[in-house]
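Residue-level structure breakdown
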Amino acid sequence: MNGLIARWHRRLPVTGRTPIITLGEGNTPLVRADRVAKAAGLPPGSVFLKVEGANPTGSFKDRGMTLAISKAVEAGATGVLCASTGNTSASAAAYAARAGLRCVVFLPKGKVAAGKLSQAVMHGAEIVEVAGNFDQALVMANEAAKTKGFALVNSSNPFRIEGQKTAAFEILEQLGRAPDNHFIPVGNAGNITAYWKGYKESGAAPRMFGWQAAGAAPLVSGKPVLNPTTLATAIRIGSPVSWNSAIAARDESGGMIGKVTDAEILSAYRFLARSEGVFCEPSSAASVAGLLKLAKAGKAPSGVSVCVLTGNGLKDPGITARFAPKIRRVKAGGRMKL
Ligand code: AN7
């Protein structure tokens, strides 16, 4: 199977002896988004969406997980573990199942979207429900990771970042040039770190625009948030692990890290689904919400922008109820006037 390790092995820390655990991740679509461009007052062909929900488990986490799990197997691990707002656990569970490893996931109680939880269940992960938030769950996972034979597969694991940087390589290939601007949701800040690394290794330097949820925006306020709140549960994180490298990506690239409200996130989420035909999860829409927010202030950056849509809309079916249309209920067999 042709996953991203096979495609990019020369630029990844693998050797011929690394057992490759893959589900065919990577090579996701880069979709031209002229309606988003128009809404941002930008010309056609200036906005593209990197649709990471097209990965095997429905999020960008698979890029890092194929490498982290492969390296764990190479090192002789018998199990992996992570704390997660949902997507990391879904991805870890799937790749661990494929590798025949135990997988233990620490999840914040009541704050993991239904689709993600169902993946952890079906892939046979051992689930620890933590009565607290993600940051607290991560402290517990870090402690549990001292258990012999276990590898931690959160983004503090450098192989996660290495795998995820391949998304930048793909964008450069797909566009045939470097984007001028890169928009991305930010939670634990591993992904913005990975993209910036991937771009830099390729000699590219788009301005990095990271977006946090307003109720969980430590990188904007400059201090950890003790009780992060947002309906974008994937990025409900108050104390990002990759804090310093996110700030470095921002500053080295001449970009910014801003915040978007839940209302702005949901508005972008709906717009993408209805006007572009792309269904991402709410957290993912933070990237586009950020672009539209800058546009509203007359500050949309010129040139070509790529917005990363980190996860699939099917991950979080619960949130869609509030967008349901009025449903017409009819008897079967009758004629229906449209
Ligand atoms: C859809 O699964 O942290 O800034 O534990 O699932 O690299 O943390 C998920 C994060 C953006 C933020 N979009 O990425 C987890 C987890 C989606 C996500 C992020 C996440 P980072």
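What you see is a predicted model; the values in this text were computed from it and never measured. (Residues numbered from 1 in each chain as written. Predicted model: local features only at pLDDT ≥ 70, side-chain atom pairs only at ≥ 80, totals over all residues. Heavy atoms only, no water.)

A few words now on the site of the ligand. Neighbouring residues of the ligand: 21 residues in total, closest N87, T88, N188, A189 and T310. Take N87: an N or O atom from its side chain is 2.7 Å from an oxygen atom of the ligand. In this structure, an oxygen atom belonging to the ligand sits 3.2 Å away from a main-chain N or O atom of G190. Burial of the ligand by the protein chains amounts to 99% of its free accessible area of 480 Å². (Near = heavy atom within 4 Å. Polar contact = N/O pair within 3.5 Å; in protein donor to acceptor, adjacent residues only side chain to side chain. Areas by Shrake-Rupley, 256 points an atom, 1.4 Å probe, with all protein chains shown as cover.)

Now for the packing of helix 8 (residues 166-175) against helix 9 (residues 190-201). The contact between helix 8 and helix 9 brings their axes to 7 Å, and the two run at 50°. Here helix 8 lies oblique to helix 9, going by the angle between them. You can see that helix 8 and helix 9 cross each other, and the crossing is right-handed. Here A167, A168, F169, I171 and L172 of helix 8 lie close against helix 9, whose contacting residues are Y195, G198, Y199 and E201. (Axes fitted to C-alpha atoms, helices over the stretch in contact; angles between N-to-C directions. Helix = DSSP H or I, 4+ residues; strand = E, 2+ residues; numbered from the N terminus. Parallel < 35°, antiparallel > 145°, perpendicular 65-115°, else oblique. Left-handed = near helix turned anticlockwise from the far one by under 90°. Contact = heavy atoms within 4.5 Å.)

Now for the packing of aromatic side chains. Taken as a whole and assessed by the stated rule, the structure comprises five aromatic pairs. Aromatic rings pair up to connect Y269, F279 and F323 into one cluster. In this structure, R7 packs its charged tip against the face of W8, placed 3.8 Å from the ring centre. (Phe/Tyr/Trp six-rings, centres within 6.5 Å; stacked < 30°, edge-to-face > 60°. Lys NZ or Arg CZ within 6 Å of the ring centre and 35° of its normal.)

Further remarks concern the sheet that holds strand 10 (residues 305-309). The strand order across the open sheet formed by six strands is 1-2-10-7-8-9, and the pairing between neighbours is mixed. Unpaired on one side and paired on the other, strand 1 (30-32) and strand 9 (256-260) mark the two borders of the sheet. In this sheet, adjacent strand axes meet at a mean angle of 25° when their direction is disregarded. Where strand 8 (residues 207-213) meets strand 9, five bridges bridge the pair, whose relative direction is parallel. For A213, the partnering residue across the bridge sits in strand 9 and is V260. (Pairing = 2+ DSSP bridges.)

Moving on: the side chain of S91. Note on placement: S91 falls in helix 4 (residues 87-99). Looking at S91, the relative accessible area reads 0%, which means it is buried. The contact partners of S91, leaving out residues within four places of it in the chain, are T57, K61, D62 and M65. (Buried < 20%, exposed > 50% of the residue type's maximum accessible area, 1.4 Å probe, protein only.)

So, on to helix 13 (residues 286-296). Among the eleven residues of helix 13, eight are classified as buried, and the element is accordingly described as predominantly covered. Buried within helix 13 are the following residues: A286, S287, V288, A289, G290, L291, L294 and A295. Phi turns positive, to about 75°, at G298, one or two residues after helix 13.

In this section: helix 4. Across its 13 residues, helix 4 extends 18 Å between first and last C-alpha, which sits within 8% of the 18 Å expected from 1.5 Å per residue. Of all the 13 residues making up helix 4, ten are buried; the element is thus mostly covered by neighbouring parts of the structure. For helix 4, the full list of buried residues reads N87, T88, S89, A90, S91, A92, A93, A94, Y95 and A96. Here the buried face of helix 4 lies against helix 3 (61-74), strand 3 (79-83), strand 4 (102-108), helix 5 (114-122) and helix 7 (158-164). Taken from the residues just after helix 4, G100 is the one with a positive phi, measuring 75°. (Expected span 1.5 Å × (residues − 1).)

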